[in-house]
Structures are given as C-alpha cells and as structure tokens.
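Per-entry structural report
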There are 2 protein chains.
Amino acid sequence: MAASSSLTVQTFAANFISGNGSASSQCPSNRLLSTSRTSSFSGKPLRFSSSSSSCRTKKVYLQRRGLGVTRASAVETLKKKTATDELVEKSVNTIRFLSIDAVEKANSGHPGLPMGCAPMGHILYDEVMRYNPKNPYWFNRDRFVLSAGHGCMLHYSLLHLAGYDSVKEEDLKVFRQWGSCTPGHPENFETPGIEVTTGPLGQGIANAVGLALAEKHLAARFNKPDCEIVDHYTYVILGDGCQMEGISNEACSLAGHWGLGKLIAFYDDNHISIDGDTEIAFTEDVSSRFDALGWHTIWVKNGNNGYDEIRAAIEEAKTVKDKPTMIKVTTTIGYGSPNKANSYAVHGSALGGKEVDATRENLGWSYDPFFVPEDVKSHWSQHTPDGAALEAEWNAKFSKYEKKYSEDAAELKQIASGEFPAGWENALPTYTPDSPADATRNLSQQCLNALANVLPGFLGGSADLASSNMTLMKTFGDFQKDTPEERNLRFGVREHGMGGISNGICLHSPGFIPYCATFFVFTDYMRGAMRISALSEAGVIYVMTHDSIGLGEDGPTHQPIEHLISFRAMPNIVMFRPADGNETAGCYKIGVINRKRPSILALSRQKLPQLPGTSIEGVEKGGYAISDNSTGNKPDIILIGTGSELEIAAKAGDELRKEGKTVRVVSLVSWELFEEQSDEYKESVFPAASTARVSIEAGSTFGWERYTGSKGKAIGIDRFGASAPAGKIYKEFGLTVENVIATAKSL
Amino acid sequence: MAASSSLTVQTFAANFISGNGSASSQCPSNRLLSTSRTSSFSGKPLRFSSSSSSCRTKKVYLQRRGLGVTRASAVETLKKKTATDELVEKSVNTIRFLSIDAVEKANSGHPGLPMGCAPMGHILYDEVMRYNPKNPYWFNRDRFVLSAGHGCMLHYSLLHLAGYDSVKEEDLKVFRQWGSCTPGHPENFETPGIEVTTGPLGQGIANAVGLALAEKHLAARFNKPDCEIVDHYTYVILGDGCQMEGISNEACSLAGHWGLGKLIAFYDDNHISIDGDTEIAFTEDVSSRFDALGWHTIWVKNGNNGYDEIRAAIEEAKTVKDKPTMIKVTTTIGYGSPNKANSYAVHGSALGGKEVDATRENLGWSYDPFFVPEDVKSHWSQHTPDGAALEAEWNAKFSKYEKKYSEDAAELKQIASGEFPAGWENALPTYTPDSPADATRNLSQQCLNALANVLPGFLGGSADLASSNMTLMKTFGDFQKDTPEERNLRFGVREHGMGGISNGICLHSPGFIPYCATFFVFTDYMRGAMRISALSEAGVIYVMTHDSIGLGEDGPTHQPIEHLISFRAMPNIVMFRPADGNETAGCYKIGVINRKRPSILALSRQKLPQLPGTSIEGVEKGGYAISDNSTGNKPDIILIGTGSELEIAAKAGDELRKEGKTVRVVSLVSWELFEEQSDEYKESVFPAASTARVSIEAGSTFGWERYTGSKGKAIGIDRFGASAPAGKIYKEFGLTVENVIATAKSL
C-alpha cells in the first residue's frame, strides 16, 4: 500500500511541480511491474506477464534527458504555425492511413471512424488543443475523450503525430497485440495521453462531463481576478451508439443543467451503426434533444473536408460560456474507401488488402504502410517544443500564484498531485461500545463530513437520495451552475450517469476523491460505470446504503440479495460491509488511500450497536476476530458475520460461550482485503483444524463455502426479499441468533 | 416443471376462452403454495411461509359462483354512466384518503403521488379504461402501468374501487405487511390487476413500451378489415424520477421510432423529487425532448382538479394514431395536505395523525379511515357488470373470428394462452460429433430460427449487434412503424431499454417468448431490467454472445469475467453456458418452457467442436458426465468445464486416461438446474469419495469451491482480460489442456 500510494504521489507531484512527467509518459506496462500492484490496498494482478511488453523504458529515458533543453529553448516559440491547406489534407490522410494500416496489420479493429473523423481529429490536436506531449499529465492540459472508443486508432495516430512517447511507430505496428500500448479500445492505464477508458458506449461522454465539471469547480475555487491558474477545455467525440445509450442522456442532461461551457462535444453523425443505417432504430432529432437538455448546438454539414466549417464551429462553441456545445458533424464512415465507405462493412473490420490499395489509389496516397511524410512529420514536431513551452509558461504562472496565494496554491497542489496532508486519517471518528447505536449510513455521513474538512479534493453526492444515503457535507453548499466552487453534487435520479461522471472527476487529477451514492440494489443501474472505475483505476468511493432486507417495507425491488457476491467477484474493486462506526471509519480510510482502486461501502438503513472488538486496523486486514474465548487457535466454533449481521453472530457467540463452548466471532468486512493477507494470518483467523463454522449475512450464500468449508454452514438469503417490517423479514428468513445457535450446534 | 407450466397453460387458456379468470384473480400467495414452484425448471423458493398470507381463497370462490350470472345479466348494461362532478370529486378524495389511511396504518409508504395523481387515476379507471375486474387477465383489456411504483397506493385504491378481488378493504389495511397482496411497490406476481413490477425508476415506462409494441404487433398480425380482434391501449403514469433515468429515454426514443400510437403516458409533473425541488438537478425541457423523440406532447396545466383538461388531453391523444403521446400533467404532490403539500415531506413517509386530520379538515372529508361512501361505492360497482359485459362481447366477437379465420385464431390463442403446439421441441436441431464445429452464437441462431417457425409468440432482436449476436430470424422482416407484423426487433444501442421492453412484451400475454441480445459483458448495462425479469416472472431469453476472453482483441472493456457468477447468484434466473450444438438446443428448450423464469445463454464468438456425450437431456439436469472411464462411481479425477472450456476439459481427460487414470468429465452447463436435482443424482455426478477435482472456466473462480471441494482446484480468471488474439490470451492465462493436466496431477 505505502509503496503504491507513494508512487502515485511522487509521480504526480513531479508532473505538477516540474512538469517532468516522462517517467509516466512511457507505456506503464513495465512501470507496473516495478510497483506493488499486488499490495493489500491498491493491489491488482499485473495485467501482463513480465515477459510481455512492447514498451521501451530505455529509449524513453534517453529522450527524457534532452527534454529540459528542448523546453528551455522552446519558450519563445509559442505562436502556433498553421499548416497550408495542402499540408492539412496530407496530415489528415496520414491519420487515415496510419489507422488503416494498423487495423490491416492486426487484421482486427475499426477503420471506419478514424477515416471519417480524421479532419476533426487533426484540427483538435494540431490547431486547437493545448497539451505537452512529453508530459501527458501536465495539470492544465486540455482533455480529449474518444467516447466512440472502438475508433481508438484515430487517437493513437494523433498521439503518435503529436510526439507522445507512448505511441511510437512500433506501437502502431502491434495494435491489439499482447502487451502493447495500443490495445483494442483506449485504456488510460496502458497509454499515457489517453485520459479515460472507453469502448462501452456512452461512458466516454459521461467521463467528459466529469472532467469538465472538475475544471469548472477548480477554476471557481482557485482562479483570481489577476490569475486564471485553471483554464482548460474538455473535448469529446461521440458517435450514434453513444447517443442512443441512456447514460449519455443522463450525463448530458446534467451538463446542460450545470452549464459546463468548456465542454465541447463532436457528434460524429455518420448514419451507420453496426446493424446498418441508423434509420432502422434511431430516427430521433438529436440536436433538438440537446437543445432541450440546455446545450448550444451547431451543425457542420461537411465533416469530411469542411475544415473551415469545423474551425468556425469550435470558435463559436468557445464564445458560449454558459452552456456546453454539441457540434453535430456529418461525416462519411470509412471516407476514402471506394467500395466500403458509408457502410457497416468499414465499421468493425479490416478493409482487406485489395480495398486498402483501392483507397490509397482513391486518396492519392502512394506511401508505404505506417509512413509519415517528412513535411507532415516536421510540421507536427513543433508540438514538442510548443507543448513544453506551454507548460513552462504555466509553471511560471503558478510560481507567481503560489507567492501571492500560498494557501490556495497548497490546496490546488494537493488536488493536482494526490499528495494528502499528513495525518489526514486522524480526522476520522472512532467509537467505543458505549457510543450510541446508529445506522452505518449515518456513521458514514460522520466520516465523509470529517474527511471533507481535511481533503480538499473530496467531493460528491447522491442520485436524488442524499437524505436517505446521508451524503450531504454540511460545511459546503451545492455545486450548481452559479455556485461551482461548492462540493455537494446533485446527480438527480441518474445512477449510471453519476458513475461515469465520478470516473471523469477522479481521472481529472489524482487528488480528487469523488464519492457517489444510491441504494445498494441500484448498483444494477450503474454497474457499467462501476466496472470501468475498477478497470481504469479510478478510486471512486461508492456509498451504497439500504444494503439488505433490513430496509423493510419497500420490498424485493429494493432489497439487494446477490449484490455483495457480484462485486466480490469483480476485479480491482473492494467490496466493504462494515458493522459499526469503527469499521465504517476503516472503510473510508482505505477508500481514500486507494486512489487506483474503487471502494463500495454497503451500509445499513437500520440502527446497529457499536460492537466490542471492531477496529480500523481490523478492517485493513479484511477479516479479523472481534471476540474469542479459545486458546491455542483451536476454537470449537467459528461464527462469521458481516455488516448488520455481525451483531447477530456476536450475540450467538455470547450464548454459546455460556454453554461452555469456545467461540471465535469473525468480522469479514472485506473478502478482497482478507484474501490478500498472508497464509499465516489467514490460518490465524480460520484455522484448518476448526471446521465447525457458521456464517451469517443478509444476502446470497453463494461463495461462502470458501470460509465455512465443506463441513460448515452458511445462513443467508437465496431468494428475493419481501415487503414487510425489517424485523419480521429477518425472523421469517431465519436470520436470528436462535438459528445461528441451532445451526452451530448441528455441526 | 410439468405442473408449473401446465398451471400457466390451464389458467390462461381458461381466461382466454371463457373469460373466467377468478382462479387467478385472487392473491396468488396461496395459489403458489399449491404449485410446484420449486420444480427444476420454473422453480423459485416460495415467497411466503405457508402460515403467512392474508389472501382469501374461500371468499373468492364464493364470489366466483355468482360471476357467470352477473355477466350474463350485464350484457345489456354496456353504456358507461359518468358520475356528476360532485361525485367525481368525492371519488377522487376517496382515492386520496384510502391511500393516506393505508400509509398511515403501515406508518410506511408514499402518500404524495396518490394525492396528486388521484384525478388522472379516477378518470382512467372510471371513465376511460376497458377492463373486467373479475378477470384481470382478460386478453383484450387496456393495460395500465404505474411507472412511479412508489405511489402504488394509488393503484391499489383504484383496483379496490373497481372491484378487483385481489384488493379488498382488508388488503388495504395490511399494506406493506408480511404476506399481503399490497406490497410496498406494485408486483404483478402478487396482485392480479398489476401488469408489471415497478419501483426501480424507469422500468415501468420501458415495460409500457413493450406492452404497446405487443398490441401493435398482434393487431397488425391478426386484425381483419371486418374484425378488430386486438384493440387496446397502454396507459402509464411516470414521474420526474422516471424521466431522469436513462432507460426511459432509451425506451421512449424507440416508442417514437416505432410510432406506438396507442401508448399514452402521463408525466406527473410535480417538481418534487426526494432531494427536494427538481430545480436542483432537473431543468431540461422534458416536453421538447419528447417532441425530439417523435412523440406527440400535451400539457395539462391543472392536474389537481382540471378534470376536463385531462379528459380532453386523452381524447386528443387517441386521435394521434402514428405517435405515442406524452401528457405532461402539472400536479401538486400531496395535494390537500395543508402543511406538507408541494414538499418532499409528503413524498415518502406517512403524513402523521395531526396532518391527516388537517387534510381531512381541509378537503372536507369527515369519514373514518378506509371508508368508501355509499354513492362512490355504488357508482364504481357498475364496473363489475360492465367489465364482464365487455369481455363477453369480446368473447362473442372472437367466436365469430374463429369461425371465419380459424388458422389466425389458433395462432392468436397460442399467444394469448401460452399453450404451445404439441411437439414444438422437435423443431430444435440436434448434432453429432461429426457435425461441423461452430460458434455457439451461430448454433443459437439455428435454434431460434427453428423455434420461430413453430412458436407464433417467438420474437426478439439485438441492441445493434444482430450481425454479431446472430439473432436475425431469416423468415421474418423487421418490426418497424409500417411493418409491425414482423418479428425481428431492432433495439439500437439501448441495452437497458431493450430489457425493460422485453419484460413488457413477455408480460403482455403468456404465449409471448421474447429474446434479446447483446455482448455478455454489456449485461452490466441492463442488469436492472434483467433482475426485474427474474423477480416479475418474465421468461425472457437473454442471448448473450462474446462470453469470455475468447472474443480476443476488443480487450478487457469487452471481456466478461465476473458475469457468470453474478447471475448464478441472482434468484429465479437460469444462467446457461452451453458447450456445443446439443447443449445450445437444450438451453432453448428449457428457456421456452420457463415462461416464469428468465434464461441467460452465454455464447461463444469462437468456433467449438461438437463434443461426444453432450445432450439436451443432460442440459435439463444442469450438470452431467459427458465421458467417464471409471466404474463404481469412483473416478480418480473429475474434470469440470462449461461452454468453450468443456472442450479443454475433454481433451485433458483423454490425455489422463491414456496415462491409465479413470477420469470423469462433467459439463456444468447450469448451476441452478443442477442444484435442483436430487441428492442421489448430485452424488452420482460428484461422488463425495472423489475429491481430486479440477474445474476450468474462462471467468472468475468465485463460487467454484462448491464443486471442486476444498481439495480440488479451480482454473479461471480473477483479473481483467487483455487485448490480444484469443489463443494468445488463453495461453497466457493458463486456460490450456496442459495446465488442466498438470493441475489434476498436482492433486
């Protein structure tokens, strides 16, 4: 854990302060090998075996040496040269053919979108966006998201031309191959320069809303009349598929409500989706829908070569400060392919040798595969000094800011670097058995209010259940269009959009710690975004209350059953079910430290006692004994509980001890963290010799065999719930002290 | 299985032919007790212990006796009496106070919506809708869906006044109590008269789109110039919460595209959601959005007592035949409550005695709790003879139709009754080891094309992946606005909407067998709807292809890992992972029979051989040996596989046998079905004596302990996938014959 979190800190602090991010601009595959990715807190199995990786650590290091020089000498070359129309066309075709050639070599991928979107891609990366290719993590960079992630060769081609070390020619040649930095969909954890992980449609636009929210929030908090220290745009390209997904309507409705003026979305309107012409399923008026959502809309009718139309649209979009802008750009999918353009055939498979030749012929492209013409190369090479100069200029600006506004600068640094103030965890509340009984959702609110005061990047909210999830931070107001400096987010009843937006906030800067909330059962509505949190290493904290039949009368539509197990099986996410105040505080401690691994807290609606023996340290181990009257690690009986049922296990333990049994009561608050402990520790909790084990949890018994063993028994719920007062349901379902005792005796 | 499916058939056949549905109009809790709900195919644990249930079988039987008589004498009294304005107001207040009183007695529930929506509720159930309260399952009834399910007391009050046997006064008095027919949210499987299960927001409107699609499809297929045998409307009330959910935008975009003119939605525009005024998160222009989605929109400005406005809006909506209509009805939540109306306070909790008195005072309601004034009662009592007459008239109409169009009548009967043609399962293809290797997604297409020809209610489609999921029925065209008689559905990239719409189709008539498809990993986008399929006993068939890392280059965003286990843990759904053609056919056979239990088929993208030993009969048991060279049920080694990994297990088995071991290879195609077998059968497959067991599955190893036992080993994937050719990933992840052999030897 220490290693991993300090890695984060060092890397980003470095990026932030000196702008030297090259250490992270290489493909991370190798870097990951050298970090404690399997440590107990932010651990995840390595994505590649050590033998595999096409990344070039050595080369990157050599390049980095020259960087300082380049940057220094580049400061005066800030004015952007624009290319001649001819060179623009040539550059656009370079992008098209790099994409065509990579897909062809892999014989797998999606050439259609890059061929159609190359013009807007070129204008964005060559003329509009501000970035430093040698430091992909420069704080004030413009963000770009390819929501239509299947078209990732567009993005890889642009990063390659722009001079990112993460995408060299050899990387393009191993597109979609084992261990490459150019996987089949954009993955931020593999390819510096990729901001978020896309592919599942609609996620990217929701991430972009989160990125733009983060910028608007930081600008409002930290900019001064005499110094705009936060000032960047979020650009996104989305397709028909993204537009059809409900998550994009949810996120875009919020973007309009929040007035995210620096969010500029390009809708690649090519009329083709996988099943053919969009006429068969998608005939709504998209622009009118966005007008209704409070966006500014523009239509570029010729996206294939209407460069000036695209430029004008971006200019117009930038003049609209109080609304996000949707630029509908009508393009031809597979533009340039004489026989496959404007058809599904070019969407998701290689063109094939014959059609590649025909396309070269058609676009007058006589070059070999992967070739970048010298004039194109030399034009784009200017982005290295320009980018370095942009960052150097900003760093100088920040130094002035820091002198004049030292406190604000310190806070902003924490958010931008992920460096937490020493001792932040001491703010977390602790409890004794005498502390009043309370619902863990209320105890959670005590924790997040405590953290809000010591962690400047801590912000979040609920999907219209703040008063049930108990997620309001009392020291702050609502983030709204006109109060963007505030930190309580109001997502409305939009769980999926909430998750995608939280991922975007989290991946904007390493010091952002977004939390979001709904009823645990409604994770079913946002699972797509939660899985992307886990995959893309976005340490979102999911505050999920009403975590069982304990919610009572609302009934089976609202009562989770299989949800705990379904998340325990998901990679790189920690499923917590705390039993009381100390355990809830422990979950938050780990959730905050885990910036690269999301946490889910399943919290009770009902009151629970503060149990003797619970502790933050125990939670850090995932599972531990809260009471034990055995000696020599040979208890007669082991009772295992989680969350609201730990109390039942504890009471049953007391009764059984009265009858002379030696009983160990174990809290298994996080299976993932427990599995990451040493075999010795595991044996110390679950000795092989003690086979009389009973678990109790108000959820599916699925998977409990791992801890009860073949001779033990799991008490749980393997059916849907029911509508009745909670106590009645617990009794009818046999989740009682009596049943635990009887079951234990039956073993 | 037999018992359960025949119960379905008998019940619905009865409803359809004689209109006598009273056997099902009682609260089903008792009925369920008498049916084989735990049988292997449609089994689900009973929802109530036999001691619990407030339902009144006896009473219902007595009432039913009189039914025939009532109906006979009622034929001539068809003209609807409309109440005086005064009586309407009185009826509306009856609805309000029945809701207030029930929530108050339960001290739990949502009084706000019923108080605000009582006027539209009254007009729908008293003046507009055509139904027969004594046969809630009458085929040609108008459908009503309360998408804002938390307001269910509105619906219960209406069903009570309308004379449904499922909601008597005593049922209102046990609202939200254990075993009642009036649970905390509307549940079709508990309360006859409730069409679908709502509460999770947005599901209801998507269900309504499915119900309206079903009507439009049947009308186009079966109506004749001289006989409109299918002719009913779908009405739905949805609130701000439903409107914010992405699923509702997905479903409503399709409703507009399909031109579902008989879908009429009432948007309860009360400006209040749980977190307060919708101003904080929901400021889009909803009506303009629906215009953009291709709906006809109307605004009723006074929904609190503008009865004529509401009536006029419905009249107008009915004149628009080619578009669904969204009537925005501005109401006051908690109308009538002097101190809590128009506030969150009245949304989700009882008013409290003092405020109930103040509300009675304010609305001049001097009656006791649960009292229905005589004139209101006698007015509504007319719906019993009227409804019986409506159904009798339709039955007479159908008799004529049957004489003139016997073939169509027979098909329609099958759809309306769920009675399948004898021997339908013989249409399923069978395979031998010599049959060509093929991907199970292609074998699935062979099955669904075969079934389409013998099952008139079989229809479905994909979320824009038809050409990848292989779900097109070749003998039919696309269901579109102008070709609604066709049976291929084009959902666009709208997984969640697809699931909700499929539930609606399924619950329209018991003979509908909808299937829907996407990549298995994208079940994360539609899990909310899939869980409602399971809970609401909608036997949807989910065709989920690209079911593992076997999809290759698309990478981890597209590769399911935890999905199999996450559905195995979900109640009342069957998770299948067939290995070849015979197993795929077996899955379809069970999927079709299970009209009250949804099925998920996880299917491969890659080619698989036709394995010796696989069979439809084997699939029916969930797990079975496909090969075994042991005697006396004591194999040295048991190798367990599912889907694409069964081939690996089989090959490893052959190798180990060559080395003299006795090996049993088991296909565990459905864990749920296997768990429902007898202990004897389970022992015959997994003898306790044979502890050397190895499982192999390209997914999470979670839960496999149940079958490998503590001494066995599970080979699987407990990390995210990777982007590379499938063969390479299988090798790198150790999903190989060599690894299975080595692991088996290590035991």
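Being a predicted model, the structure only gives us computed values, none of them experimental.

**Quick notes on the overall build of chain A**
- Across its full length, chain A holds 30 helices and 20 strands.
- For chain A, buried positions account for 71% of its 747 residues.
- Accessible surface for chain A amounts to roughly 21800 Å². Of this, 52% is attributable to carbon and sulfur atoms.

**Examining the UniProt feature "site: Important for catalytic activity" (unreviewed entry) in chain A**
- The feature "site: Important for catalytic activity" (unreviewed entry), as annotated in UniProt, sits at H110 and H347 of chain A in this numbering. What stands out for the annotated residues spanning 238 residues is how close their C-alpha atoms remain, the widest pair being 5.4 Å apart.
- With respect to the helices and strands, the residue H110 of chain A is situated in the loop between α5 (85-106) and α6 (112-128).
- H110 of chain A has contacts with V103, H150, G151, R176, H347 and G348 of chain A together with D554 of chain B, leaving out every residue within four places of it along the chain.
- Within the element layout of this structure, H347 of chain A appears in the loop between β7 (325-330) and α14 (353-362).
- The contact partners of H347 of chain A, leaving out residues within four places of it in the chain, are G109, H110, P111, G112, H150, I274 and I333 of chain A.

**A short note on the UniProt feature "binding site: substrate" (unreviewed entry) in chain A**
All names here are of chain A.
- Per the UniProt entry, the sites bearing "binding site: substrate" (unreviewed entry) are H110, H347, R441, S468, H546, D554, H558 and R605 in this numbering. The greatest C-alpha distance among the annotated residues, which extend across 496 residues, is 48.1 Å, indicating that they are dispersed rather than converging on a single site.
- Residues contacting S468, with those up to four places away along its chain left out, are R441, F519, T545 and H546.
- If you trace the backbone, D554 turns up in the loop between β12 (541-545) and α22 (563-568).

**Considering the packing of aromatic side chains**
- Counting across every chain of the model gives 58 aromatic pairs over all chains.
- With centroids separated by 5.0 Å and ring planes inclined at 90°, the aromatic side chains of F290 of chain A and W295 of chain A adopt a geometry described as edge-to-face. Exposure class is identical for F290 of chain A and W295 of chain A. Each is buried.
- Measuring from centroid to centroid gives 6.1 Å for Y156 of chain B and F175 of chain B, while their planes differ by 70°, and the two rings are edge-to-face. Of this pair, Y156 of chain B sits in helix α7 (residues 152-162) while F175 of chain B sits in the loop between α8 (169-172) and α9 (203-222), and the two are 19 residues apart along the sequence. There is no split in this pair, since Y156 of chain B and F175 of chain B are both buried.
- Aromatic rings pair up to connect W671, F674, Y681, F686, W704 and Y707 of chain A together with F702 of chain B into one cluster.
- Above the plane of the ring of F702 of chain B lies R706 of chain A, whose end atom (NZ or CZ) is 4.7 Å from the centre.
- Just above the ring of Y405 of chain B sits the side chain of K224 of chain B; from NZ or CZ to the centre is 5.0 Å.

Thresholds, definitions, all that
Residues numbered from 1 in each chain as written. Chains lettered and ligands numbered in written order. Predicted model: local features only at pLDDT ≥ 70, side-chain atom pairs only at ≥ 80, totals over all residues. Heavy atoms only, no water. Helix = DSSP H or I, 4+ residues; strand = E, 2+ residues; numbered from the N terminus. Buried < 20%, exposed > 50% of the residue type's maximum accessible area, 1.4 Å probe, protein only. Areas by Shrake-Rupley, 256 points an atom, 1.4 Å probe, with all protein chains shown as cover. UniProt positions renumbered as here; feature names shortened; annotations may be inferred. Contact = heavy atoms within 4.5 Å. Phe/Tyr/Trp six-rings, centres within 6.5 Å; stacked < 30°, edge-to-face > 60°. Lys NZ or Arg CZ within 6 Å of the ring centre and 35° of its normal.

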